[in-house]
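Summary of structural features
Here is how the chains run, residue by residue.
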Amino acid sequence: MDDGSRSKKWVAWAVAAAIFVVLMIVTPAIPQNEDYHDFADQRTLFLGIPNTLNVISNIPFFFVGVAGLILCHYKDYFRLSSQGELWSWSLFFAGVTAVAFGSSYYHLNPNDATLVWDRLPMTIAFTSIMAIFIIERVDERAGAKSLAPLVIAGALSILYWSYFDDLRPYAVVQFVPCIAIPVMAIVIPPMYTHSSYWLWAAGFYLLAKVEEAADKPIYKWTHEIVSGHTLKHLCAAMVPVFLALMLAKRTIEPERVSLLHKWKVKLITVRESRSKDGNAIDVNCNYAVVSTSEQ
């Protein structure tokens, strides 16, 4: 990396930090709403487990996380090309695995103290994914170096909320990747094939957030069979599933072309094809009119 590129990256980090500081100064604190813990489905269905479905719906995180963690290290199954990728993906799947325990623990007795252990593993997963994207789309070395600072920043956002009852730093850690990752997946040329899996993962996460917001309406619509929060867990667990599938299938991209460019080319091709088909129909119609008039 030359001095110019290095200085640009430092400037980018400095600008991001400055924006964050300004937002913290000009925006009011966001306290945790206690109504958040009032979930629609509070039934104890079996084995004496309170909030049964909200607890056991975390089980998929465990199996997906453990499988992904094993495959990161088993005979180079995912074909990770650098130590930075290996550490980042390992930490991501470790975070997913920990979500199963942290979220289950929280839903056994929902309150601010147990919510810390629900959110901490999620921040590990979010921040690891950001480091992975920097490795793949921006600069491999910079991404590997950013892993530890990003994970620490995520953990600090949880501690800040826990001590000061202010969700602003945590909101940044959670929602910036939700915006940045789909945009980067579309705009920046990838190192690997099967980039569309990132968008599938983002789509399922977005659906999970919608289900979380509609917890009580969904519970009512399903005649109190299943709540939105339970469905949220199941949809969110599909995120690491799609990312694991992507890792298993992908290869090095020979021609680094962004999804946006591919979509533009495909759109132009479809338009040209339709235009040619339209011209062919016009020619055939004209031929038929001429043939009829000659008879």
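Bear in mind that the values here come from a model prediction, so they are computed numbers and not experimental data.

With respect to the pattern of salt bridges
Per the stated rule, a full pass over the model turns up 8 salt bridges. Glu 212 is paired through a salt bridge with Lys 209; the nearest N and O atoms lie 2.8 Å apart. Of this pair, Glu 212 and Lys 209 are both found in helix α8 (residues 196-213), 3 residues apart, which corresponds to roughly one turn of the helix. Counted as one network, the salt bridges with shared partners bring together Glu 85, Glu 136 and Arg 250.

What about helix α7 (residues 168-187)?
In an α-helix there are 3.6 residues to a turn, and that puts residues three or four apart on one side. The terminal C-alpha atoms of α7, which comprises 20 residues, lie 28 Å apart, in line with the 28 Å expected from a rise of 1.5 Å per residue. Phe 175 marks the point of greatest bend in α7, at about 25°, and the proline Pro 177 comes within the next four residues.

Considerations on the layout of surface pockets
By volume, the second largest pocket is sized at about 540 Å³. Taken together, 28 residues make up the lining of the second largest pocket; nearest its centre are Phe 92, Phe 126, Tyr 205, Ala 236 and Val 239. Going through the elements one at a time, α4 (83-108), α5 (112-138), α7, α8 and α10 (228-249) are the ones with two or more residues in the lining of the second largest pocket. Residue classes in the lining of the second largest pocket are distributed as 21 nonpolar, 4 polar and 3 charged.

Brief notes about the packing of aromatic side chains
What the rule picks out here adds up to 16 aromatic pairs. With a centroid separation of 4.4 Å and an interplanar angle of 70°, the aromatic rings of Phe 133 and Trp 198 are classed as edge-to-face. Separated by 65 residues along the polypeptide, Phe 133 in helix α5 and Trp 198 in helix α8 bring together distant segments of the chain. Take Phe 133: its relative accessible area is 0%, and that puts it in the buried class. An aromatic cluster of three or more residues is present, and its members are Tyr 77, Phe 78, Trp 89, Phe 92, Phe 93, Phe 133 and Trp 198.

Re the UniProt feature "transmembrane region" (unreviewed entry) in the protein chain
In this numbering, the UniProt entry assigns the feature "transmembrane region" (unreviewed entry) to residues 12-30, 55-74, 86-107, 119-135 and 147-164. Helix makes up 100% of residues 147-164 and strand 0%, with an end-to-end C-alpha separation of 26 Å.

Here's the deal with helix α3 (residues 59-73)
Helix length check: α3, at 15 residues, gives a terminal C-alpha distance of 22 Å against a target of 21 Å (1.5 Å per residue), a fit within 8%. For α3, the set of buried residues is Phe 61, Val 64, Gly 65, Gly 68 and Cys 72. End-on, the buried residues of α3 take up no more than an arc of 100°, which puts them together on one face. Opposite the buried face of α3, at more than 90 degrees from it, the exposed residues are Phe 63 and His 73. Those residues of α3 that are buried are in contact with α4 and α10.

Brief notes about the environment of Asn 33
For Asn 33, the location among the structural elements is in the loop between α1 (3-26) and α2 (52-56). For the pair Asn 33 and Asp 112, spaced 79 residues apart in sequence, the C-alpha separation works out to 9.6 Å.

What to know about a nonpolar patch on the surface
Taken together, Ile 19, Phe 20, Val 21, Val 22, Leu 23, Ile 25, Val 26, Val 172 and Val 176 make up a surface patch of nonpolar side chains, about 770 Å² in accessible area. At the level of elements, α1 and α7 are the ones that each hand at least two residues to the nonpolar patch. Here the element with the most residues in the nonpolar patch is α1; it accounts for 7 residues. Inspection of the secondary structure assignment puts Phe 20 in helix α1.

Overview of the packing of α4 against helix α6 (residues 140-164)
It is at 8 Å that the axes of α4 and α6 come closest, and there the two elements cross at 25°. Considering their axes alone, α4 and α6 lie roughly parallel with respect to each other. Crossing handedness for the pair α4 and α6: left-handed. Between α4 and α6, the residues in contact are Gly 84, Trp 87, Ser 88 and Leu 91 and Ala 144, Leu 147 and Val 151, respectively.

How each quantity is defined
- Residues numbered from 1 in each chain as written.
- Predicted model: local features only at pLDDT ≥ 70, side-chain atom pairs only at ≥ 80, totals over all residues.
- Heavy atoms only, no water.
- Salt bridge = Lys/Arg side-chain N within 4 Å of Asp/Glu carboxyl O.
- Helix = DSSP H or I, 4+ residues; strand = E, 2+ residues; numbered from the N terminus.
- Expected span 1.5 Å × (residues − 1).
- Bend = angle between axes of the 7 residues up to and from the residue.
- 1 Å grid on protein atoms, 1.4 Å probe; cavity = no way out; pocket = protein on both sides within 12 Å on 5 of 7 lines; lining within 4 Å.
- Points joined across faces, edges and corners; volume = space filled by probe spheres on them.
- Nonpolar A, V, L, I, M, F, W, Y, C, P; charged D, E, K, R; others polar.
- Phe/Tyr/Trp six-rings, centres within 6.5 Å; stacked < 30°, edge-to-face > 60°.
- Buried < 20%, exposed > 50% of the residue type's maximum accessible area, 1.4 Å probe, protein only.
- UniProt positions renumbered as here; feature names shortened; annotations may be inferred.
- Arc of directions from axis to C-beta.
- Contact = heavy atoms within 4.5 Å.
- Patch = residues over 30% accessible without salt bridge, like charges linked within 9 Å, V, L, I, M, F, W, Y side chains within 5 Å.
- Areas by Shrake-Rupley, 256 points an atom, 1.4 Å probe, with all protein chains shown as cover.
- Axes fitted to C-alpha atoms, helices over the stretch in contact; angles between N-to-C directions.
- Parallel < 35°, antiparallel > 145°, perpendicular 65-115°, else oblique.
- Left-handed = near helix turned anticlockwise from the far one by under 90°.

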